[in-house]
Amino acid sequence: MKRIHQRQAAAASVFATALVLGAAPALAQTATIAVGAPVTSIDPHYHQLSPNNAVADIIFDRLVNNDPQSRNIPGLATEWRAVEPTVWEFKLRPNVRFHNGNAFTAEDVAFTLARLPNVPNSPSSFAAYARTMTRVEIVDPLTIRFHTPQPYPLLPLDMTNVRIVDKETAEGATTEDFNSLRAAMGTGPYRAVAHRNGDRIEFERWDGYWGERAPFQRVNYRMVTNDAARTAALLAGDVDLIDQVPTSDLARLRQDQRVRVAEQVGLRLIFLGLDHLRPANENSPFVTDNDGRPLGRNPLADVRVRRALSMAVDRRAIVERVMEGAAVPANQFLPEGVFGHVGDLQAIPYDPDGARRLLAEAGYPQGFRITLNGPNDRYINDSRIVQAIGQMWTRIGVRTAVEAQPWTTFVGRAGRSEYSAFLIGWGSNPDGSHPLRNILATVNRDRGWGASNRGRYSNPQVDAMLLESLSELNEPRRGELIVGAMRIAMQDVAVVPIHIQTNIWATRRGFEYTASVDEGTLAQRLRPAPR
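Since this is a predicted model, take the numbers as computed values, not measurements.

Our next topic: the overall build of the chain. Each helix and strand in the chain was counted, giving 17 helices and 22 strands. Its C-alpha atoms give the chain a radius of gyration of 24 Å, within 12% of the compact-globule value 24 Å for 531 residues. Its C-alpha atoms give the chain principal-axis dimensions of roughly 75 × 55 × 40 Å. Expressed as a percentage of its 531 residues, the buried residues of the chain come to 57%. Considering only intrachain contacts with a sequence separation of at least 6, the fraction spanning at least 24 residues in the chain is 69%. Roughly 20,700 Å² of accessible area belongs to the chain as shown, and the carbon and sulfur atoms make up 48% of that amount. With 60 positive and 57 negative side-chain charges, the chain shows a spacing of 3 Å between the two charge centroids.

Right, dumping it as structure tokens:
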């Protein structure tokens, strides 16, 4: 009976809103979104991927949320402070309910944190955000304390990565239980009511939401990975919002009076991962000599080879010709102005002659053969970027074959470190510790480090500086450590940075979308446009 009353109230409210906006009531009832990347799971603790996280942020909430500029703002916690050097206290928001009606309490937070390191087969775990704690103390239903072995300034930032689940529903639940929606009970503005894996998710507004009321009664969230099909669907009026606007359509859409474009330079670095797993005296799986025979060694273990491959990439040409201006060339993980950016790091020169000299110096005057792998449906123009880099490498004598695959296939193999060289991306929090812990730190399950370190890069100096930074409460000193670790990793060519994407969305006229640096496509950021 309670649900019936809620739905009747919701319908009346939607109708009233539509009248105020001067829009047809149908406009405010349902919105359809087409996203360019597949969502691989509804389980918010299974796989650290931006498309998964975006969907999780529609269904679930975090103690600390982010605004569109990725600044921390209160979420399920209203305030937080360090009550002792090694104890953080969070005050929880009262009168919050999960989609099943259960009250949100500190028990749910403690359960969620205990679940993070225990999700079977997680290809990119969230465990790092729990393993910094030695104890979770429930003070009362709306107060929780986190004890750490040493001062830990990043704990509030860590909480922006942890989506809170309902203990009663999720206890003993598997990832499949989340994917079937049985366990997908959050406190977010929408609840998931249907899910067809790799195809679509249907949301219904949660009228018991504690925050601002979501504008649409229902949202259809479709995965349309084909760029042309996504744009065509928008122009045909089949969908109201698309993300990852194809750069080839961007100029046309900017001029189209039927469309609004929202843009924001983001935090997504596109880079190349390299095989650091195999030592110098072992074969790398996709590297041979020029006759196709095993080399008997891994050339990517030599920093001179890694540097040569980086110098062979013409980043400006990729930005201008492949990305059509929707990116900026990169020499590190974070853009200028973000905590952890290395200000004095020189731009990586495009120098094919210098690259050939480095190859010869490393013992490869005739180059070698390599396969560059990558996805073809995950990042803007990903397969075209892989093709362009393959041609650039071939010009310096590294004869490059290119293999682009669907994301779901690619990422599984990358997670098993099957590739020698691969294109991938990372969307960071606005703090350099984030890529350091997840991409550049030595894989360490106990610490939760290296969860997405698919190339298995390892550098004791980087690890030591990262470790020191994680207990440094003096912010300038912490910054020095983060910058120092990042500088070492970039000079060591741990990865090959290519560019930082501009996040672009397009809506039909009558809708507007709030652009963000985090690139998440969230149903709650789509609204009817004011008239």
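Bringing the packing of helix 11 (residues 315-322) against helix 13 (residues 382-395) into the picture now. Close contact between helix 11 and helix 13 brings their axes to 11 Å; oriented N to C, the two are set at 145 degrees. Classified by chirality, the crossing of helix 13 by helix 11 is right-handed. Contacts between helix 11 and helix 13 involve I318, R321 and V322 on the former and, on the latter, R384, I385, A388, I389 and M392. Along the lines of polarity and charge, the residues of the contact of helix 11 with helix 13 split into six nonpolar, no polar and two charged.

Tallied over the full model, the rule gives 18 aromatic pairs. For the ring pair F90 and F146, a centre distance of 5.3 Å and an interplane angle of 55 degrees mean the geometry is tilted. Note that F90 is positioned in strand 6 (residues 87-92) and F146 in strand 8 (residues 143-147), a separation of 56 residues in sequence. An identical accessibility class is assigned to F90 and F146; each is buried. Summarising the aromatic geometry, the rings of Y379 and W407 are spaced 5.8 Å apart at their centres and angled 80 degrees between planes, so their arrangement reads as edge-to-face.

So, on to the environment of L277. Along the chain, the position of L277 falls in the loop between strand 14 (259-274) and strand 15 (287-288). C-alpha separation for the pair L277 and M223, spaced 54 residues apart in sequence, amounts to 34 Å.

What follows deals with the nonpolar core. Within the largest apolar cluster, 104 residues are counted, with the highest numbers of intra-cluster contacts made by L63, F90, F146, M159, F333, W393 and L440. Formed by 37 residues, the second largest nonpolar core is a distinct cluster that contains A56, F178, A515 and L522.

Among the structural elements, G425 can be located in strand 19 (residues 421-427). A C-alpha to C-alpha distance of 19 Å links G425 and V342, two positions 83 residues apart in sequence. The contacts of G425, once residues within four sequence positions are left out, are R268, L269, I270, F271 and Y379.

The next subject is the sheet that holds strand 5 (residues 77-84). Strand pairing in a sheet takes place through backbone hydrogen bonds and is either antiparallel or parallel in direction. Strand order in the open sheet formed by four strands is 5-6-8-7, with antiparallel pairing between adjacent strands. Strands at the two margins of the open sheet, each flanked by one partner only, are strand 5 and strand 7 (135-140). Averaged over neighbouring strand pairs, the angle between their axes works out to 20 degrees when direction is ignored. Here strand 6 pairs with strand 8 via five bridges, running antiparallel. Looking across to strand 8, one finds that E89 is bridged to R145.

Of all 10 residues in helix 3 (residues 50-59), nine are buried; the element is thus mostly enclosed. Listed as buried for helix 3 are P51, N52, N53, A54, V55, A56, D57, I58 and I59. Looking at the packing, one finds that the buried side of helix 3 touches strand 2 (61-62), strand 9 (163-164), strand 10 (190-196), strand 11 (200-205) and strand 12 (218-223).

The residue D43 is located in the loop between strand 1 (30-35) and helix 3 in this model. The exposure class of D43 is buried, given its relative accessible area of 2%. Polar side-chain contacts of D43 include one of 2.8 Å to the side chain of R115. Not counting residues within four places of it along the chain, the set of residues in contact with D43 comprises R115, V119, T175, F178 and N179.

On to the side chain of Q332. Relative to the elements of secondary structure, Q332 occurs in the loop between strand 16 (327-329) and helix 12 (352-361). Taking relative accessible area as the criterion, Q332 reaches 2% and is therefore assigned buried. A distance of 3.3 Å separates a polar atom in the side chain of Q332 from a polar atom in the side chain of N331.

V462, D463, L466 and S469 are the residues of helix 16 (residues 460-469) that are buried. One face of helix 16 carries all of its buried residues, which in axial projection span an arc of 130 degrees. Exposed residues on helix 16 whose side chains face more than 90 degrees from its buried face are P460 and Q461. Residues of helix 16 that are buried in the fold lie against helix 15 (433-440) and helix 17 (475-491). One side-chain oxygen at the N-terminal end of helix 16 lies 2.9 Å from the backbone nitrogen of Q461; it belongs to N459.

For L181, which is not glycine, the phi torsion reads 80 degrees and is therefore positive. L181 gets classed as buried once you look at its relative accessible area, which sits at 12%. For N381, which is not glycine, the phi torsion reads 60 degrees and is therefore positive. Positionally, N381 belongs in the loop between strand 17 (368-375) and helix 13. With a relative accessible area of 7%, N381 lands in the buried category.

Let us now look at the pairing of strand 8. Regular strands place their side chains on alternate faces of the sheet. Most of strand 8 is tucked away: four of the five residues are buried. Of the pairings in the sheet, the one linking strand 7 to strand 8 comprises five bridges and is antiparallel in character. Across the sheet, D140 pairs through a bridge with T143, a residue of strand 8. Linking strand 7 to strand 8, which pair antiparallel, is a turn of two residues.

Taken N-terminus to C-terminus, the directions of helix 15 and helix 17 make an angle of 40 degrees; their axes are 10 Å apart at the nearest point. It follows that helix 15 is oblique to helix 17 by the angle criterion. Seen from above, helix 15 lies across helix 17 with left-handed handedness. Each of S433, P435, L436 and L440 in helix 15 lies in contact with helix 17, whose residues at this interface are R478, I482, A485, M486, A489 and M490.

What counts as what
- Residues numbered from 1 in each chain as written.
- Predicted model: local features only at pLDDT ≥ 70, side-chain atom pairs only at ≥ 80, totals over all residues.
- Heavy atoms only, no water.
- Helix = DSSP H or I, 4+ residues; strand = E, 2+ residues; numbered from the N terminus.
- Rg over C-alpha atoms; globule rule 2.2 N^0.38 Å.
- Buried < 20%, exposed > 50% of the residue type's maximum accessible area, 1.4 Å probe, protein only.
- Contact = heavy atoms within 4.5 Å.
- Areas by Shrake-Rupley, 256 points an atom, 1.4 Å probe, with all protein chains shown as cover.
- Lys, Arg positive; Asp, Glu negative; His and termini not counted.
- Charge placed at Lys NZ, Arg CZ, Asp CG, Glu CD.
- Axes fitted to C-alpha atoms, helices over the stretch in contact; angles between N-to-C directions.
- Left-handed = near helix turned anticlockwise from the far one by under 90°.
- Nonpolar A, V, L, I, M, F, W, Y, C, P; charged D, E, K, R; others polar.
- Phe/Tyr/Trp six-rings, centres within 6.5 Å; stacked < 30°, edge-to-face > 60°.
- Core = buried A, V, L, I, M, F, W, Y, C linked by side-chain atoms within 4.5 Å.
- Pairing = 2+ DSSP bridges.
- Polar contact = N/O pair within 3.5 Å; in protein donor to acceptor, adjacent residues only side chain to side chain.
- Arc of directions from axis to C-beta.
- Parallel < 35°, antiparallel > 145°, perpendicular 65-115°, else oblique.

Function cannot be inferred from these measures alone, as they are strictly geometric.
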